[in-house]
Amino acid sequence: MSDTVKYLLDETRLPKDWYNIVADLPRPPEPVLHPGTLQPVGPQDLEPLFPTALIQQEVSAERTIEIPEPVREVYRQWRPSPLYRAGRLERALDTPARIYYKYEGVSPAGSHKPNTAVAQAFYNKEAGVKRLTTETGAGQWGSALAFAGAVFGLDVRVFMVKVSFEQKPYRKALMEAWGAECVASPSTETNAGRHILAEHPNSLGSLGIAISEAVEVAAQDADTKYSLGSVLNHVLLHQTVIGQEAMAQLEMADDYPDIIVGCTGGGSNFAGITFPFIGAGLRGGPKPRVIACEPTACPSLTRGRYAYDFGDTGHLTPLVKMHTLGSTFVPPGFHAGGLRYHGMAPLVSLLQELGLIESRALTQNSCFEAGIKFARTEGVLPAPEANHAVCGTIDEALRCKAEGIGRTILFNLCGHGHFDMQAYIDYRSGKLADYAYDEAELRAALAGLPKVAAE
Ligand SMILES: *Cc1c(COP(=O)(O)O)cnc(C)c1O
């Protein structure tokens, strides 16, 4: 075969529905609890924050949910995204494995995040909302929502974790180019932000703090709603276009994955590529091994506890049952900014409890090494988060080599690294430290988990 094979799909094969894995699970997800009463929330509790259509998707058990035509119209700009066979990487590894990757870096924002940003902006616009607030860590989500806000004519205000705000001026410039406002968090604009600044004037911020700020602003203004870029069921749902397309593209290649690999921060790109395949397995089809790769510095799936916890540091959000390191956990400033969340999507967490997925923690230096190997063979420079999926894939390909078995591996290359060059500079100059936590440190972070009778 030639070195690189690209599988494109005709536009007419763009999925018409999102896939909801809840319909195929052996048991339903645990209820979401109100932060004050600790009782299950009703749709009316979520209405200050989200439009009705998204709340319905959040609690839906329907297997398929139609993608509105105006959303598909925007998707068509870069979807279906290409699936590649990584022939040069295979040869460099001298592996009998067949490696495919789905490349989400072709979107205007350079990652998978516009798949949900566009859908969320559409439903908010339909509901008459004027303004969206959100948080962003590394800046990918903020820029994806800024892009979607520009498309549908919504104002967007982004609370960006201060350490990233200072380290990544280009992401802020990108958000502003699309017309969004970007504020360093903690800010003096909210009670949550002022409270943190009073106690820690030099706070560098965290995703949990920025979520508190964005939620507070949305809850206080009828024309403003809140938007989240990962973790929630409806976000994972929107990302399933990735896996559905990959399935059709692999059909063109007359192949099917034995192993699927994705990186996990909040779990959305991982869910996007894997859920359609896991669902097919639950309905009697082949069952690939599915591997979630996370950083050793923020190991929610491999070392967190499966428990009810808050989504934010200020404890304004509902409680969800998930793998968590504790909502007060502030991960060290390592560079895979998008993987720095203390929790994990409840659906991904449930799948791990059900034994439907595996998880593994990887050090950042081994991930950057894998990313460089990928760039030198396949050409694309992955985002630091995506390097975790590349690293997990290379490990599996080398295992195939050791065992002399030619398995098919599919992974999601969820974004390019063009805005993360400082991280690559730091890696090359040997400045990146590898973190691992001992049990005592983890126990301390988990000691503050809320007490929930239902457990
Ligand atoms: C945001 C982001 C992630 C982490 O979020 P998930 O919800 O786990 O996908 C990973 N990779 C990239 C490129 C991102 O932008």
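Since the structure is predicted, the reported quantities are computational estimates derived from the model, not experimental observations.

*Asks:* So what about the site of the ligand? Which residues, and what values?
*Replies:* In the neighbourhood of the ligand, 17 residues make up the surrounding shell, with K113, S230, G265, S268 and N269 lying closest. K113 places a side-chain nitrogen or oxygen 2.6 Å from an oxygen atom of the ligand. Contact with the protein chains removes 97% of the 380 Å² of surface that the ligand exposes when unbound. Residue composition of the shell around the ligand, by class: four nonpolar, 11 polar and two charged.

*Asks:* Run through the packing of aromatic side chains, naming residues and quoting values.
*Replies:* Across all of its chains, the model carries 14 aromatic pairs by this definition. Each ring, one from F50 and one from Y226, has its centre 5.9 Å from the other, and the planes form 55 degrees; the classification is tilted. Here the residue F50 occupies a position in the loop between α1 (43-46) and α2 (52-59), and Y226 occupies one in strand β9 (residues 224-226), the gap between them amounting to 176 residues. The exposure class assigned to F50 is buried, which follows from its relative accessible area of 9%.

*Asks:* Now, about the pattern of salt bridges: what can you tell me, with residues and values included?
*Replies:* Side-chain pairs of opposite charge can arise where the charged atoms are in close proximity. Under the definition given, this model contains 20 salt bridges. The salt bridge involving R76 is made with E73; its shortest N-O contact spans 2.8 Å. Relative accessible area serves as the criterion here: at 21%, R76 is assigned to the partly exposed category. Given a relative accessible area of 48%, E73 falls into the partly exposed group. E90 is paired through a salt bridge with R85; the nearest N and O atoms lie 2.7 Å apart. Residue E90 shares its accessibility class with R85, and that shared class is buried.

*Asks:* Which residues make up helix α9 (residues 191-199), and what values go with them?
*Replies:* All buried positions along α9 are accounted for by A192, G193, I196 and L197. Looking straight down α9, one finds that the buried residues subtend no more than 130 degrees of arc, so they occupy a single side. Counted as exposed and oriented over 90 degrees from the buried face of α9: A198 and E199. Structurally, α9 contributes buried residues whose contacts are with α7 (162-167) and α10 (207-219).

*Asks:* Describe the pairing of strand β6 (residues 131-136), listing the residues and the values that go with them.
*Replies:* Most of β6 is tucked away, with five of its six residues classed as buried. Where β6 meets strand β7 (residues 155-161), six bridges bridge the pair, whose relative direction is parallel. Directly across from E135, in β7, lies its bridge partner F159. In this fold, the crossover linking β6 to β7 by way of helix α6 (residues 140-152) has right-handed handedness. Bridging between β6 and β9 involves three bridges; their strand directions are parallel. Of the residues in β9, the one forming a bridge with L132 is K225.

What counts and how
- Residues numbered from 1 in each chain as written.
- Predicted model: local features only at pLDDT ≥ 70, side-chain atom pairs only at ≥ 80, totals over all residues.
- Heavy atoms only, no water.
- Near = heavy atom within 4 Å.
- Polar contact = N/O pair within 3.5 Å; in protein donor to acceptor, adjacent residues only side chain to side chain.
- Areas by Shrake-Rupley, 256 points an atom, 1.4 Å probe, with all protein chains shown as cover.
- Nonpolar A, V, L, I, M, F, W, Y, C, P; charged D, E, K, R; others polar.
- Phe/Tyr/Trp six-rings, centres within 6.5 Å; stacked < 30°, edge-to-face > 60°.
- Helix = DSSP H or I, 4+ residues; strand = E, 2+ residues; numbered from the N terminus.
- Buried < 20%, exposed > 50% of the residue type's maximum accessible area, 1.4 Å probe, protein only.
- Salt bridge = Lys/Arg side-chain N within 4 Å of Asp/Glu carboxyl O.
- Arc of directions from axis to C-beta.
- Contact = heavy atoms within 4.5 Å.
- Pairing = 2+ DSSP bridges.
- Right-handed = clockwise from strand over helix to strand, strands pointing away.

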